[in-house]
Amino acid sequence: MAEEKKLEKKVPTHLAIILDGNGRWAKKRNLPRLMGHRAGLRKLENMVRLVKARGIRYFSVYAFSTENWNRPAMEVTGLMSLFRYYIRKKVDEVKAEGARIRFCGRKDKLPEDLLKQMRWAEDYTKDQNILDFILCINYGGRAEILDAVNSLIASKPQAPVTEEDLRKYFYLPDVPDPDLIIRTSGELRLSNFWLWESAYSEYYFTDIHWPDFDENELDKALENYAGRERRYGGLKN
Ligand code: FPP
């Protein structure tokens, strides 16, 4: 019976993570912030495999927001280099896991060579169908809604427009809304991530800094989610 219950355990279809706390992780160790981001990237590499093993179908991470351009130039440049490194060195591993890489966010401001690499990685993995690994880079929820509204207006729609009409213009319209959003490092906010899509998401917050978030922490979050009752504004059964 206990085993049956385990097998029935509710797993999110779409897990989203706000990767926070790289800077604090580094500070605690007297290291430069960029070392924290590097440690965060290493943690992410492993996470794709762990997430896939738990039967999650969509895994999105908030790696760089539309507001992160306001960070010191050296940090922004360093993060762009990490994104390049990841695409150059890790895409084969991701593909071997059966995962498709997708990028989500505005394409302006990103360096041209990085954009080229991003397009290549998407194309190179496009036939993988076990897991969609979605990297939100230069992403902002408000920007996404605004971009969708502008595209919708340009299409001269018939009033009144519906949610579905607008959704067609989101960056990844086929991706289901996140079921569970995890935020590491103790802040209790969404910071402009999946703004529209999170209307009925469940949240899980932990004080652990992202580079310390391991398999055990992932399972704690998933366990917690499995015990929640989702009603989407309806009544309790
Ligand atoms: C937030 O921590 C983290 C970021 C802005 C960057 C996250 C990026 C990575 C983990 C690298 C990912 C790489 C790829 C390829 C997706 P913070 O700097 O705000 O930490 P703090 O709040 O402690 O200062």
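Above this text you will find the structure in question.
What you are looking at is a predicted structure, and each value in this text was computed from that prediction instead of being measured.

Break down helix α6 (residues 141-154) for me, with residues and values.
Quick reminder: α-helices carry 3.6 residues per turn. Residues three or four places apart thus point the same way. Here α6 contains 14 residues, and its C-alpha end-to-end distance of 20 Å stays within 8% of the 20 Å for a straight helix at 1.5 Å per residue. Residues of α6 that are buried include every one of Gly-141, Ala-143, Glu-144, Ala-148 and Leu-152, and no others. Around the axis of α6, the buried residues are gathered within 165° of arc, so they sit on the same side. Exposed positions of α6 whose direction lies more than 90 degrees from the buried face are Arg-142, Ile-153 and Ala-154. Where α6 is buried, its residues meet β4 (131-139) and α7 (163-167). Residue Lys-156 follows α6 closely and has a positive phi angle near 50°.

Please provide a residue-by-residue account of the site of the ligand, values included.
The full set close to the ligand counts 18 residues, and Leu-19, Gly-23, Arg-24, Arg-33 and Arg-71 are the nearest of them. Contact between the ligand and Gly-21: an oxygen atom at 3.3 Å from a main-chain N or O atom of the residue. Burial of the ligand by the surrounding chains reaches 92%, relative to a free accessible area of 630 Å². Sorting the residues of the shell around the ligand by element identifies α2 (22-28), α3 (33-53) and α4 (73-96) as the ones contributing at least two each. Top element by residues in the shell around the ligand is α3. It accounts for 5 residues.

Could you give an account of the environment of Val-51, naming the residues involved and the relevant values?
Its place among the elements puts Val-51 in helix α3. With 36 residues separating them along the chain, Val-51 and Leu-15 place their C-alpha atoms 8.5 Å apart. Once you skip the residues sitting within four places of it in the chain, Val-51 turns out to touch Leu-15, Ile-56, Phe-59, Leu-131 and Leu-218.

Outline the sheet that holds strand β3 (residues 99-104), supporting the account with residue identities and numerical values.
Across the sheet, which stays open at both edges, the 6 strands sit in the order β3-β4-β2-β1-β5-β6 with parallel pairing between neighbours. The sheet is open, and its two edges are formed by β3 and β6 (202-205), each paired on a single side. Strand-to-strand twist across the sheet, computed as the mean angle between neighbouring axes with direction ignored, equals 20°. As judged from the 4 bridges shared by strand β1 (residues 14-18) and strand β5 (residues 180-183), these two strands associate in the parallel manner. Following the sheet pairing, Leu-15 is matched in β5 by Leu-180.

For the packing of α4 against helix α5 (residues 112-124), give the residues involved together with the corresponding values.
At a minimum axis separation of 10 Å, α4 and α5 run at an interaxial angle of 15°. Judged by the angle between their axes, α4 and α5 are roughly parallel. The handedness of the crossing between α4 and α5 is left-handed. On α5, the residues that touch Met-80, Phe-83, Arg-84, Ile-87, Arg-88, Val-91, Asp-92 and Lys-95 of α4 are Asp-113, Leu-114, Gln-117, Met-118, Trp-120, Ala-121 and Tyr-124. Split by residue class, the contact of α4 with α5 holds 9 nonpolar, 1 polar and 5 charged.

Cut-offs and rules
Residues numbered from 1 in each chain as written. Predicted model: local features only at pLDDT ≥ 70, side-chain atom pairs only at ≥ 80, totals over all residues. Heavy atoms only, no water. Helix = DSSP H or I, 4+ residues; strand = E, 2+ residues; numbered from the N terminus. Expected span 1.5 Å × (residues − 1). Buried < 20%, exposed > 50% of the residue type's maximum accessible area, 1.4 Å probe, protein only. Arc of directions from axis to C-beta. Contact = heavy atoms within 4.5 Å. Near = heavy atom within 4 Å. Polar contact = N/O pair within 3.5 Å; in protein donor to acceptor, adjacent residues only side chain to side chain. Areas by Shrake-Rupley, 256 points an atom, 1.4 Å probe, with all protein chains shown as cover. Pairing = 2+ DSSP bridges. Axes fitted to C-alpha atoms, helices over the stretch in contact; angles between N-to-C directions. Parallel < 35°, antiparallel > 145°, perpendicular 65-115°, else oblique. Left-handed = near helix turned anticlockwise from the far one by under 90°. Nonpolar A, V, L, I, M, F, W, Y, C, P; charged D, E, K, R; others polar.

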